[in-house]
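# Structure at a glance
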Amino acid sequence: MGTREIWIWGAGPEAEAQIAEALREGNLINPVRVIEDNFDFDAFFRRKEPLPLLLLLDLANTRVWQVAETARKHQADERMAMIALADDSTESLIDKAYDVGMKTYLRKPLAFSEFAMRAKLLNMSLRIERPDEG
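### As for the nonpolar core
Grouped together as the largest cluster of nonpolar side chains are 25 residues, with contacts concentrated most on Phe41, Leu55, Leu59 and Met102. Broken down by secondary-structure element, the contributors of at least two residues to this core are strand E1 (6-9), helix H2 (41-46), strand E3 (54-58), helix H3 (64-73), strand E4 (81-86) and helix H4 (94-99). If you tally residues by element for this core, the top one is H3, at five residues. If near-sequence neighbours (up to four positions away) are discounted, Phe41 is found in contact with Trp7, Trp9, Ile35, Leu55, Val67 and Thr70. The next biggest cluster of nonpolar side chains, apart from the first, holds 21 residues, and it includes Ala20, Ala22, Leu53 and Leu85.

What follows is the structure in structure tokens.
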């Protein structure tokens, strides 16, 4: 997994905080970054800057489809994984998420063990800092 960032977008402050905390508690070495709702993904992808390793996109945000399509347009989805965040109210959108390039989904609230399992299915090697390695 290296140390590229993991981005969280569109989940709203409470969910984003819970997801970020779950990832940090898993002792990932990768920085976790919450992306503001008004972030200009089109401009970012156009600049060809280094991409995050992973982009977690909440299906409850109506702009999720625009963000996913923008990633596809700039072929960013070929160099970073996109994973949908779903809950009971958005579970019916999971098939549509696959259609726009998301590789899998995670349920909210996020559990680190579920994240680790999905990352492994995507052939991502997690880098976890062990407390005894300090």
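### Some remarks on H3
Taken residue by residue, H3 has Val64, Trp65, Val67, Ala68, Thr70 and Ala71 as its buried positions. Its buried side turned inward, H3 meets E1, H2, E3, E4 and H4.

### Describing the confidence of the model for the protein chain
When the pLDDT values of the protein chain are averaged, the result is 91; 91% of them are 70 or greater. Ranking the helices and strands of the protein chain by mean pLDDT puts H4 first, with 98, and helix H5 (residues 112-121) last, with 92.

### Observations concerning the pairing of E1
On E1, burial covers both faces: Ile6 and Ile8 on one face and Trp7 and Trp9 on the other are all buried. Handedness of the E1-helix H1 (residues 13-25)-strand E2 (residues 32-35) crossover: right-handed. Relative to E3, E1 runs parallel, the two sharing four bridges. Among the inter-strand pairings, Trp7 is bridged to a residue of E3, identified as Leu55.

### Observations regarding the pairing of E4
Most of E4 is tucked away: six of the six residues are buried. What you see with E4 is no split at all: Ala81, Ile83 and Leu85 on one side and Met82, Ala84 and Ala86 on the other are buried throughout. The pairing of E3 with E4 spans five bridges and is parallel. By the bridge assignment for E4, Leu54 is matched with Ala81. Crossover connection from E3 via H3 to parallel E4: handedness right-handed. Pairing between E4 and strand E5 (residues 104-107): four bridges, direction parallel. By the bridge assignment, Ile83 is partnered in E5 with Thr104. In this fold, E4 hands off to H4, which returns the chain to E5; that crossover is right-handed.

### Some words on unusual backbone geometry
Glycine aside, residues mostly have negative phi, and peptide bonds are mostly found in the trans state. The step from Lys108 to Pro109 runs through a cis peptide bond, and the omega angle for that step is -5°. Looking at where Pro109 falls in the secondary structure, it is placed in the loop between E5 and H5. Residues other than glycine seldom take positive phi values, yet Asn27 does so here, at roughly 60°. Secondary-structure assignment places Asn27 in the loop between H1 and E2. In this structure, Asn123 is a non-glycine residue whose phi angle is positive, near 60°. Its place among the elements puts Asn123 in the segment after H5. Under the relative-accessibility criterion, Asn123 is labelled exposed at 70%.

What counts, and where the lines are drawn
- Residues numbered from 1 in each chain as written.
- Predicted model: local features only at pLDDT ≥ 70, side-chain atom pairs only at ≥ 80, totals over all residues.
- Heavy atoms only, no water.
- Core = buried A, V, L, I, M, F, W, Y, C linked by side-chain atoms within 4.5 Å.
- Buried < 20%, exposed > 50% of the residue type's maximum accessible area, 1.4 Å probe, protein only.
- Helix = DSSP H or I, 4+ residues; strand = E, 2+ residues; numbered from the N terminus.
- Contact = heavy atoms within 4.5 Å.
- pLDDT = per-residue confidence, 0-100.
- Right-handed = clockwise from strand over helix to strand, strands pointing away.
- Pairing = 2+ DSSP bridges.

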